[in-house]
Structures are given as structure tokens and as C-alpha cells.
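The residues making up each chain are set out below.
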Amino acid sequence: MGRAVAVVHLRSEVSDARHARVLETLTGLLPRVGVEGRGVFACDLRGTERLLGSPERVGARIVAVLERVRIPVAVGIAERPFAARVLAERAPVGEVSRLRPGEERMFLSRLPVGVLPLEEELREELGLLGIRTVGEFADLERGAVLDRFGRAAAAAHALARGEDAGEVRGAAPRRRIVAKRSWDAPIDRTDQLLFALRAALDDLGTELRMDGLAAMRLEARLEREDAAVLRLERLVLPPTAEPAALLRSLRWALEERPGREGLGLVTGVRIEATEVELVRGRQIGLFAADAAREEEAIAVARYLRSRLGPGAVLRPRVTDPESRVAEREVEWEEAVS
Amino acid sequence: MRLFADPHPVRLEWEEGELRSMRVADRRWTVVEVVRRWRVEIEWWKKDGGIARDHLTLRTADGTLCEIFGDRHTGDWYLQRLLD
């Protein structure tokens, strides 16, 4: 299974108690649950198929479990949270709807532009320009949208085109979980920096474990003597509190940074777990295998490509399975963009 | 199955008409079985003679199953894919 997100949309009365009850139920059923809004929850289904069955089956189970406590919901499943959310909002109560890969843009394109998170004023302006559907908005040139309407509109435009990052956001921890280190002698080599970061990540791991949490997103800010702060952000899949795994994630972030500018003279670091997953009493690792392998494979491919250049990491796409010579069976394409 | 984007040149070692081993770079595999053999000839009407190949699926002493082919125009052999 590739990427799949189930958005659960709470119907009828949305009280604090019912919101909390749905969140608690979903967290008990699934490994990665984010809150999209009041009464709206996004569940990342990557890695769940082996244990829980198809996304539709997971969706049906969510509906059934919540029905037992008389909480009506509808579930939308798509590759990205936004399309899944729009689908869930339109699905009849008690139903599970799914968009197959490749159907999202078509589904969204026919809907009114009002489904996008746009300011009322901008919506009116688009109406005056004759742009009434998501598809018409998506067809506008990306640069022109940013120039004319600004950053928020550009973000909505990315949603319309299915070009947003599309990750389910994890929950922020109840207290800030931060580790800091500073060094008298600046560090200018990646291997030395990684060694030094390990101590900070040991502290972070201890803090996470104290609260029964695993980090799902890390933000590291490297203070530099000779340059601006270098900010790194990483989605950690599977979420973990293990310092070695967190260090590996930061190492990929360092290796992948755009342009791979010199490290500079690093004098300190501040690492924060900005999104977390509750692990106490749950075995989230059981669900993480697929996503973890995918994440690791992409990271390795990016690393090799950054070192060896284009054409080094390829994957075959079968174009003619009947061909009698292998080089005509497949076309080779870049494994990562 | 692992298909190589660029087939690796191999050197075959025969003994009394039997395939005994193959060398890829500096590594040598003992061949214990020729599992399958077939010939491909396509586009023979073209000026360059088209594609004329002898294909063999081999099992080596360490249990590796692989597919090699020999270009009948040049006599060169290549490792095309490894089968799991």
C-alpha cells in the first residue's frame, strides 16, 4: 500500500467531550493520528495494512467502533489529508468513501473554490476573475498565484494541485521537549557534529521516555559563528525516542540540505521534538515497518544521488512485459526527484 | 528479481562443452546447473543483423540463480539479472 490517509469527520454535535472521545478511540486503534480541526481527525494508514487490513476495512472499523458509543462519523480516504477531509465532509454519515491514487485532482477540480482555505476577500476576487472551481484555480500558474495573491493563496493552490507535502501532522507535546548543547570550540565537520549531537539526543530521548512519547518531527537549530542559524526539520518514521534512530534522521537531514553548503562553525544546537506520538502501552513499531522502510529507502536514495549525481539511483518501470529482450521490458527512471 | 540497468560483462569457463564457472569482475562462481536455455533472434532483417542472443539461466554453487546472455554477433556474455 502506498500513502493513505483516513480523515474522520465527526457529525452532529461537536462538543469538547465528544472530540476527546473520538481522539482517544482513534489513538487506541491506529498508530498515527493528527487533529485537523475540531471534530476532524487525520489518520496516517501507512504500515497498517499488514495488521489491520485494507484502508476501507480500517475505515469501516472506525465507523463501527464509534457507532457503539453513539458517535456518528463519516470517513474519507485518499492519498493526502486535504482530499480525504473534503471527501469525509461530503460522505453520508456512517459511510467510508475512498479516492484511489490518481483520482484526487479530478475529484477536487469539480468542487467550488470555497472548499479551499482562502480568505473571503480572495474568494470574491477569484469569482470576479471567473474562477469558481478548484480545477480553474489549480490551472493558474504557480508563480503568478504567489505574486498576485500571496503566500496563503499559494498554499491553497498547492492543495488544489495536490502538490502539498500531504503529511498528517502529529500532536504537539503538552510541554516543550527540548535538548540544548553548546561548544567552546566550534565544530566544522559533519562527523564531529554527529558525535556531539548524540549527547543532546540522549537527553531528548530521556525526556521523551519520561512522558511516554516518541518524536515524530524534530526541529534542530544549529548556531553558527560565521553564518546564520541552520534550521533542520525532519519527519521521523517510525516515531521513536531512541537516540540512535533520531541521530540517523538528523544525519539524513544534514546530508540532504539544499546545495549542501558548508557546515560553517557550529557553536551550539537546540533540538526540539515538535510533534510526538504517544507510545506508552502501545506498540507503534508494529505498524511502522512499511513507512519506515520507505522513509529509509528514500533517504538512502537521496543521499546516494547527492553524492553520485543524477543517473546513479534508478528504478525500472515495466513498459513492455512481453518483450523478449530485457532492456526493452523496462524504462529506467530516477528513483527520487 | 534484480535486473541490471547495464548488464555486467562475464567470462564463461567451459570444460569439455560443459559450463563450469563464470567470472564477473574479479569474482568467480562455480556453475552447478544450467536450468534453462533459449535463443532470441529478432529484427534479423536490419542492417546490423538485429538482436541474436543465447540466454541461460544458471544455478551457482552458492545457490544463486541468475540469467546471462551471449551476444551471438560478438561472442560476448553478460549477466542480465539475479533471481531471488
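Criteria and thresholds
- Residues numbered from 1 in each chain as written.
- Chains lettered and ligands numbered in written order.
- Predicted model: local features only at pLDDT ≥ 70, side-chain atom pairs only at ≥ 80, totals over all residues.
- Heavy atoms only, no water.
- Contact = heavy atoms within 4.5 Å.
- Buried area = accessible area lost by both parts, 1.4 Å probe.
- Salt bridge = Lys/Arg side-chain N within 4 Å of Asp/Glu carboxyl O.
- Polar contact = N/O pair within 3.5 Å; in protein donor to acceptor, adjacent residues only side chain to side chain.
- Helix = DSSP H or I, 4+ residues; strand = E, 2+ residues; numbered from the N terminus.
- 1 Å grid on protein atoms, 1.4 Å probe; cavity = no way out; pocket = protein on both sides within 12 Å on 5 of 7 lines; lining within 4 Å.
- Points joined across faces, edges and corners; volume = space filled by probe spheres on them.
- Nonpolar A, V, L, I, M, F, W, Y, C, P; charged D, E, K, R; others polar.
- Domains from an automatic or database assignment.
- Buried < 20%, exposed > 50% of the residue type's maximum accessible area, 1.4 Å probe, protein only.
- Pairing = 2+ DSSP bridges.
- pLDDT = per-residue confidence, 0-100.

As a further point, take the interface of chain B and chain A. Counting from both sides, the interface comprises twelve residues of chain B and, opposite them, eight residues of chain A. Across the interface of chain B and chain A, roughly 900 Å² is buried in total on both sides, 53% from carbon and sulfur atoms. Summed over the shared surface of chain B and chain A, the result is three salt bridges. Summed over the shared surface of chain B and chain A, the number is three residue pairs in polar contact (both at pLDDT 80 or more). Of all elements in the fold, only strand 1 (2–15), strand 3 (27–42), strand 4 (51–60) and strand 6 (77–83) of chain B reach the threshold of two or more residues within the side of chain B that touches chain A. Looking at the side of chain B that touches chain A, the element that brings in the most residues is strand 3 of chain B, giving four residues.

This part is about the layout of surface pockets. All names here are of chain A. The computed volume of the second largest pocket comes to approximately 550 Å³. If you trace the second largest pocket, you find 21 residues lining it, with Leu23, Ala171, Ala172, Arg174 and Leu278 closest to the centre. Contributing elements (two or more residues each) for the lining of the second largest pocket: helix 1 (16–29), strand 2 (32–37) and strand 9 (266–278). Residue composition of the lining of the second largest pocket, by class: eleven nonpolar, three polar and seven charged. Mapping the lining of the second largest pocket onto the domain boundaries places at least three of its residues in each of domain 1 (5–101) and domain 3 (178–278).

Quick look at the pairing of strand 3 (residues 40–44) of chain A now. Residues and elements named next belong to chain A. Among the five residues in strand 3, five count as buried, and that is most of the element. Burial along strand 3 is two-sided: the face carrying Val40, Ala42 and Asp44 and the face carrying Phe41 and Cys43 are both buried. Examined bridge by bridge, strand 1 (residues 5–10) and strand 3 share five bridges and lie antiparallel to one another. By the bridge assignment, Val7 is partnered in strand 3 with Ala42. Where strand 2 lies against strand 3, five bridges are found, and the strand directions are antiparallel. Note that in strand 3 the partner of Val33 across the bridge is Cys43.

Scored by pLDDT, chain A has a mean of 86; 93% of the residues are at 70 or more. Element-level mean pLDDT values for chain A span from 68 in helix 12 (residues 285–308) of chain A up to 96 in strand 4 (residues 73–78) of chain A.

Looking now at unusual backbone geometry. Unusually for a residue other than glycine, Arg70 of chain A sits at a positive phi of about 60°. Summarising the element assignment, Arg70 of chain A is placed in the loop between helix 3 (55–68) and strand 4. One non-glycine residue with positive phi stands out, namely Glu16 of chain B, at about 50°. For Glu16 of chain B, the position within the fold is in the loop between strand 1 and strand 2 (18–24). Glu16 of chain B gets classed as exposed once you look at its relative accessible area, which sits at 82%.

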